[in-house]
Amino acid sequence: MTEATPPAFAGPRRVLSGVQPSGDLHLGNYLGALVKFTRLQHEIETFIFVADLHAITAWQDPAKLKTQVREIAAAYLATGLDPKIATIFPQSAVPEHAELAWVFNCVARLGWLDRMTQFKDKAGKHKERESVGLYTYPVLQAADILIYKATHVPVGEDQRQHLELTRDIAAKFNHDFAVPGHFPLPEALTEGPGARIMSLRDGTAKMSKSDPSDYSRINLTDDADAINQKVRKARTDPEPLPELLVDLKGRTEAENLIGIYAALAGRTAQDVLTEFAGQGFGAFKPKLADLAVSVMGPIGDEMRRYLADPAEIDRVLTEGAERARAVAAPNMAEVRRIVGFWAG
Ligand code: AQP
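Bear in mind that the values here come from a model prediction, so they are computed numbers and not experimental data. (Residues numbered from 1 in each chain as written. Predicted model: local features only at pLDDT ≥ 70, side-chain atom pairs only at ≥ 80, totals over all residues. Heavy atoms only, no water.)

J.: Break down the overall build of the protein chain for me, with residues and values.
T.: Along the backbone of the protein chain there are 13 helices and five strands. Relative to the 2.2 N^0.38 estimate, which gives 20 Å for 344 residues, the radius of gyration of the protein chain is 21 Å and therefore close to what a compact globule would have. The principal-axis extents of the C-alpha atoms in the protein chain amount to approximately 70 × 55 × 45 Å. In the protein chain, buried positions account for 49% of the 344 residues. (Helix = DSSP H or I, 4+ residues; strand = E, 2+ residues; numbered from the N terminus. Rg over C-alpha atoms; globule rule 2.2 N^0.38 Å. Buried < 20%, exposed > 50% of the residue type's maximum accessible area, 1.4 Å probe, protein only.)

J.: Residues and numbers for the pairing of strand β3 (residues 87–90), please.
T.: Of the two faces of β3, both are covered, the one formed by T87 and F89 as well as the one formed by I88 and P90. Note: strand β2 (residues 45–50) against β3, four bridges, orientation parallel. The residue of β3 that forms the bridge with F49 is F89. (Pairing = 2+ DSSP bridges.)

J.: Kindly report on the layout of surface pockets, identifying the contributing residues and their values.
T.: Reported here for the largest pocket is a volume of approximately 1200 Å³. Only β1 (14–19), α1 (27–40), α2 (52–55), α6 (117–123), α7 (132–146), β4 (152–154) and α8 (160–176) provide two or more residues apiece to the lining of the largest pocket. Taken together, the residues of the lining of the largest pocket break down into 18 nonpolar, 22 polar and nine charged. (1 Å grid on protein atoms, 1.4 Å probe; cavity = no way out; pocket = protein on both sides within 12 Å on 5 of 7 lines; lining within 4 Å. Points joined across faces, edges and corners; volume = space filled by probe spheres on them. Nonpolar A, V, L, I, M, F, W, Y, C, P; charged D, E, K, R; others polar.)

J.: Could you give an account of the packing of aromatic side chains, with specific residues and numbers?
T.: Applying the stated criterion across every chain, the model contains 13 aromatic pairs. Ring plane angle 75° and centroid distance 6.2 Å describe the contact between F104 and F173, whose orientation is recorded as edge-to-face. Of this pair, F104 sits in helix α4 (residues 96–105) while F173 sits in helix α8, placing them 69 residues apart in sequence. When sorted by exposure, F104 lands in the same class as F173, which is buried. (Phe/Tyr/Trp six-rings, centres within 6.5 Å; stacked < 30°, edge-to-face > 60°.)

J.: I'd like to hear about the nonpolar core, residue by residue, with values.
T.: Counting 54 residues, the largest nonpolar core has L27, L34, Y76, L220 and F284 as its most contacted members. Elements represented by at least two residues in this core include exactly α1, β2, α3 (62–78), α9 (224–233), α10 (252–265), α11 (269–276), α12 (281–307) and α13 (310–339). At nine residues, α12 tops the list of elements feeding residues into this core. The contact partners of L34, leaving out residues within four places of it in the chain, are V19, L25, N29, A75, Y76, T79 and L220. Counting 44 residues, the second largest nonpolar core, distinct from the first, contains L100, F104, L140 and A324. (Core = buried A, V, L, I, M, F, W, Y, C linked by side-chain atoms within 4.5 Å. Contact = heavy atoms within 4.5 Å.)

J.: I'd like to hear about the side chain of T38, residue by residue, with values.
T.: Mapped onto the fold, T38 is located in helix α1. Of the polar contacts made by the side chain of T38, one reaches the backbone oxygen of L34; its length is 3.0 Å. When residues no more than four places from it in sequence are discounted, the contact partners of T38 are T79, G80 and L81. (Polar contact = N/O pair within 3.5 Å; in protein donor to acceptor, adjacent residues only side chain to side chain.)

Structure below.
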């Protein structure tokens, strides 16, 4: 006899995502995440948070954390998130994230977390010195998503494994507590040309806020001079660009720069190659730098404009937190009843 498929989640479609206030936002965050948030807000109810609970999995200076939160919020606004449409809020202002994460810590299995490659990458050889929070980070991420019963999660390719874990946690909770369809099994929205932007210094490492070399990334706040310099110094190879995409295979740095150009221009990588075939990086890099300045420059200007008025950012975040809590609090109350807590 085959087991019956449990009923699917029947609630509304909802988007949730966020970014950690753990450093300067870069081109990878922009193309892998922020661009998608801005587009999706017009299609599906959208919740976008600033992940300050996640940020403290690595040491953050308490005197700077609030400012870092405002900087991420300013980046959201500068890239086109509209607080009248999307709910924008700081994670720590909605305590239900942490409360649900505890319940999920008791649902997730150690073996599942042991397989998370991002922890292995970040912890490196010294995992015993890392915070327990860094290890259980994907469980908090599952709570971030499921406290809103979000169905779609726009993220870069690096987060795909964490989204699989979220689905496993949702399915196990629904099964163990006999509440089929209670939590949705959310989908990662990773498609798109900017899903995996690599470091400008090493085509095999992802562009990252925490890379010690500032030359590895283009920051949203970089001015035209900085962008020009970083593109000029980006690692490449001496070969001219080929006509066909398949011939870029194995040339990781070249592939990355073509991918960045394509994502910024809203074109396919093949289309870009067709234009630059036969040319070397001496000709290609200035074109890439001009394009990056034309796209990123206005975003940096807008960020600085928002940051000049922190009271307005705080107003957006406070209002967003109230709207987020209006959804999260009743969802958490349901979980308390389902789990059988005394305070249910
Ligand atoms: N290189 C990348 N290419 C495409 N997308 C990326 N993202 C991050 N790096 C790239 C996406 O940006 C969103 C926010 O990421 P985060 O700040 O919450 O954490 P992260 O993935 O750990 O980003 P960083 O820059 O690498 O930060 P650090 O160095 O602090 O760990 C996510 O959707 C992510 O996929």
